[in-house]
Amino acid sequence: MEQNEKMKAYWKENLTYITILLSIWFGVSYLCGILIADQLDAIRVGGMGLGFWFANVGSELIFVVLIIVYVQLMNKLDRKYDVHEG
Amino acid sequence: MSILVWTWLLVGASFALYIGVAIWARAKSTADFYAAEQSVHPVLNGMATGADWMSAASFISMAGLISFMGRDGSMYLMGWTGGYVLLAMLLAPYLRKYGKFTVPQFIGDRYYSNSARVIALVCAIFVSFTYVAGQMRGVGVVFSRFLQVDVNTGVIIGMALVFFYATMGGMKGITYTQVAQYCVLICAYMVPAIFISIMLTNNPVPFLGMGSSISAGGAEILGDASVQGRYLLDVLNGLEKDLGFAAYTAGKRPMIDVFFIVFALMVGTAGLPHVIIRFFTVPKIRDARSSAGWALFFIAILYTTAPAVAAFARTNFILTINNTAYADAPSWFANWEKTGLVGWADKNGDGIMQYAKDAEVNEIKIDRDIMVLANPEIAKLPNWVVALVGAGGLAAALSTAAGLLLVISAAISHDLMKGVIMPGMSEKAELLWARGGAAVAVCIAGLFGIYPPGFVAQVVAFAFGLAAASFFPAIIMGVFSKKTNKEGALTGMIVGIVFTAAYIIYFKFVNPAMNTAEHWWFGISPEGIGTLGMLLNFACMFVISKLTPEPPQEIQDLVESLRFPGKNVPPPTAH
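I will try to describe carefully the structure that is included in this document. If you're wondering where the values come from, they're calculated on a predicted model, not measured in any experiment. (Residues numbered from 1 in each chain as written. Chains lettered and ligands numbered in written order. Predicted model: local features only at pLDDT ≥ 70, side-chain atom pairs only at ≥ 80, totals over all residues.)

Okay, the overall build of chain A next. Of the regular secondary structure elements, chain A holds three helices and two strands. Helices (α) and strands (β) of chain A occur, in sequence order from the N terminus, as α-α-β-β-α. Relative to the globule expectation of 12 Å for 86 residues, the C-alpha radius of gyration of chain A, 18 Å, shows a markedly less compact shape. Within chain A, the proportion of its 86 residues that are buried is 40%. (Helix = DSSP H or I, 4+ residues; strand = E, 2+ residues; numbered from the N terminus. Rg over C-alpha atoms; globule rule 2.2 N^0.38 Å. Buried ≥ 20, exposed ≤ 12 C-beta atoms within 10 Å, placed from the backbone.)

Now the structure itself:
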């Protein structure tokens, strides 16, 4: 593959990852933690409503997971396109 | 040993540790001073970022704030963590690839404009001073509460310490002391929280305990046998309703306002210079990504515990204080009454303490900070744990102050002096300016601590709003759009800043009486307006860049190069 196209493909894959992961980021915090939190509260997880859980604990934990996933994906992508650092 | 002796011992030991670390990590070059030679391990940088980020407010005030706000308080939890996802994906790796030292420098280079750099450096200094004022005050307050010294003496002791390690070690000294400070503050926060969680619910993980039912031992501590076996939050909701408040787990603020505030806090976090520069210190681009993950992991330990502390403290407070005869009040109540953080006025003369929403009936005065500060005593933990909380509060305040002072010092020496006024300056002279800048900044911050301007609490919205409306769009577009040019960036930043500042100044200072939901635009409070400022900034950048000539080829090449980690990526023409 020509270098230029390779770089474009790398960047495009990166943007795809970011789009998917940030959609989840938006979904767990703004959607589940704020916009539909009241509706989700009807579902109980132990002693907590699900909306309350997303707002207070769930979002924060899922954020950490999102970054871990992104780091792993990008480390693989760097190798696939041979742009990783030594 | 008494609490006071233990506190002096622990605070003294932690200060000695910070000084020792600072001597070990002296800065020898400007690269050392601004970016710790780009040699900090990503996990350590994550810890340092955690300490840098979690301020006196996070440590002392946040749980208390949440316990009075219920579910609405979660806007701070989401808002102050979600920005790290943006940092990891949209900012940190690209800025690390850029490889220089300051945010204004990046903006100046990317938009080939010294004016852009000056706007950015003025913003950076303003945001950092706003923020640091609260930290120095926090140091003084912790000293006065735990060590019984005068607030001003406390501020001066804190100043002397920060002065020492910030001017000597620069970023390197600050980084390694922040690692130590993270360890101190997280222990201080978690130990009492874990004990209280076990006592009330038999669950050692506070955020799981919050969703559990109250144990037999817990019911005994709360002094109400009927709550045993019921879910803690259900009990709390019932108590709030009995007192005339809304249910704890229900949202009370208008949804649109919460939405905009959370967004402004997240984007503001990702745009705050003292957070961004932490990612200049790691060796590699992939380290910048993973370091953001570690930072959020270390922050989330405290941030997922805070809502549990809030719920435990609120339940305990209502059940053990409300309708209790003053003579039978728990000992921590009397202890903290001396500090003025809690108080009781027997309005109806029955000798019993009544707590209620209705101001006519309510007899209890309570400061939200008590929810964290009195925690160890409520849990009847040994004196050294109480002392540990004091040391933790100091660690949180000092570490944040140091990070902010470095931003101010670098903005003066690197961006203003070396970048704009005296470009020919030698490295040695620049280092001198950097140390001098840090020294002057410490003194000004100390003055803010001793003579707190009445507007400090009012302008915190400023720090996040301005960071959201100025830096964030300029950096994002600088990386993700090659065609955004100087004209677009300058217009965007100015419009974003002026709009956000005008809205906040109007409602906070010019016409505070109007600062109510019906007068806000679209129901957005000044705290959340940075989000709208950010959108305006993006829109201006986009439109103006379309109408004016595109950036020179070498700038577009620079943007291209930021997107790929490897040093030796061949130019597009090779092969």
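Don't stop here, the text continues.
By size, the foremost hydrophobic cluster in this structure holds 231 residues, and its most contacted members are Ile67(A), Leu185(B), Val262(B) and Leu405(B). Top element by residues in this core is helix H18 (residues 383-421) of chain B. It accounts for 23 residues. What Leu185(B) contacts, discounting residues up to four positions off in sequence, is Ala51(B), Met54(B), Phe59(B), Gly392(B), Ala395(B) and Ala396(B). (Core = buried A, V, L, I, M, F, W, Y, C linked by C-beta atoms within 7 Å. Contact = placed C-beta atoms within 7 Å.)

Before going further, it helps to spend a moment on helix H3 (residues 42-53) of chain B. Residue and element names in this part refer to chain B. A rise of 1.5 Å per residue sets the reference length of H3, with its 12 residues, at 16 Å; its end C-alpha atoms lie 16 Å apart and thus fit the reference within 8%. When you tally the buried positions in H3, you get 10 out of 12 residues, the bulk of the element. Here H3 has its buried residues at Pro 42, Asn 45, Gly 46, Met 47, Ala 48, Thr 49, Gly 50, Ala 51, Asp 52 and Trp 53. Residues of H3 that are buried make contact with helix H8 (151-201), helix H13 (273-276), helix H14 (285-321) and H18. (Expected span 1.5 Å × (residues − 1).)

Residues and elements named next belong to chain B. Positive phi is not limited to glycine here, since Asn 202 has a value of about 65°. Position of Asn 202 among the secondary structure elements: in the loop between H8 and helix H9 (206-209). With 15 C-beta atoms counted inside 10 Å, the residue Asn 202 sits in the partly exposed group. Even without being a glycine, Asn 323 presents a positive backbone phi close to 60°. Among the secondary structure elements, Asn 323 is positioned in the loop between H14 and strand E1 (324-325). Residue Asn 323 is classed as exposed on the basis of its C-beta count, with 11 C-beta atoms lying within 10 Å.

Each pair of packed helices gets described by two things: the angle between the helix axes and the distance between those axes. All names here are of chain B. It is at 9 Å that the axes of helix H4 (residues 56-69) and helix H7 (residues 114-147) come closest, and there the two elements cross at 70°. For the element pair H4 / H7, the angle class is roughly perpendicular. Facing Ala 56, Ala 57 and Ile 60 of H4, the residues of H7 in contact are Gly 134, Gln 135 and Gly 138. Here the contact of H4 with H7 is composed, by residue class, of three nonpolar, three polar and no charged. (Axes fitted to C-alpha atoms, helices over the stretch in contact; angles between N-to-C directions. Parallel < 35°, antiparallel > 145°, perpendicular 65-115°, else oblique. Nonpolar A, V, L, I, M, F, W, Y, C, P; charged D, E, K, R; others polar.)

In this structure, Asp38(A) sits in helix H2 (residues 37-40). Remark: the alpha-carbon pair of Asp38(A) and Gly49(A), spanning 11 residues in sequence, is separated by 8.6 Å. Other than its neighbours up to four places away in sequence, Asp38(A) contacts Gly51(A) and Gly251(B).

Below, the discussion takes up the interface of chain A and chain B. Residue-level contacts link 43 residues of chain A with 47 residues of chain B. Secondary-structure elements contributing two or more residues to the side of chain A that touches chain B are helix H1 (3-35), H2, strand E2 (48-49) and helix H3 (50-80) of chain A. In terms of residue count, H3(A) provides more of the side of chain A that touches chain B than any other element does, 17 residues in total. For the side of chain A that touches chain B, the residue count by class is 26 nonpolar, 11 polar and six charged.

Turning our attention to the environment of Ile285(B). Tracing the chain through its elements places Ile285(B) in helix H14. For the pair formed by Ile285(B) and Arg96(B), sequence separation is 189 residues and the distance between their alpha carbons is 5.9 Å. Filtering out sequence-adjacent residues up to four positions away, Ile285(B) remains in contact with Glu85(A), Pro93(B), Arg96(B), Lys97(B) and Pro565(B).

Our focus in this paragraph is the environment of Gly47(A). Topologically, Gly47(A) is positioned in the loop between strand E1 (44-45) and E2. Apart from the residues lying within four places of it in its own chain, the contact partners of Gly47(A) are Gly211(B), Ser212(B), Ser213(B), Tyr231(B), Leu232(B), Leu233(B) and Asp234(B).

Moving on to the packing of H3(B) against H14(B). Residue and element names in this part refer to chain B. Two numbers describe how H3 lies on H14: the axes approach to 7 Å, and their chain directions differ by 50°. Taken together, the axes of H3 and H14 are oblique relative to one another. Considering how the two elements wind past one another, H3 and H14 form a crossing that is right-handed. Of the residues in H14, those in contact with Pro 42, Val 43, Asn 45, Gly 46, Met 47, Thr 49, Gly 50 and Trp 53 of H3 are Asp 287, Ser 290, Ser 291, Trp 294, Ala 295, Phe 297, Phe 298 and Ile 299. (Left-handed = near helix turned anticlockwise from the far one by under 90°.)

Once that is clear, we can look at helix H11 (residues 232-242) of chain B. Along an α-helix, residues three or four apart share an orientation, since each turn contains 3.6 residues. Taken together, the buried positions of H11(B) are occupied by Leu232(B), Leu233(B), Val235(B), Leu236(B), Leu239(B) and Glu240(B). In an axial view of H11(B), the angular spread of the buried residues amounts to 155°, which keeps them on one side of the axis. Turned more than 90 degrees away from the buried face of H11(B), the exposed residues are Lys241(B) and Asp242(B). Buried residues belonging to H11(B) abut E2 of chain A together with H8 and H14 of chain B. Following H11(B) by one or two positions, Gly244(B) adopts a phi angle in the positive range, close to 95°. (Arc of directions from axis to C-beta.)

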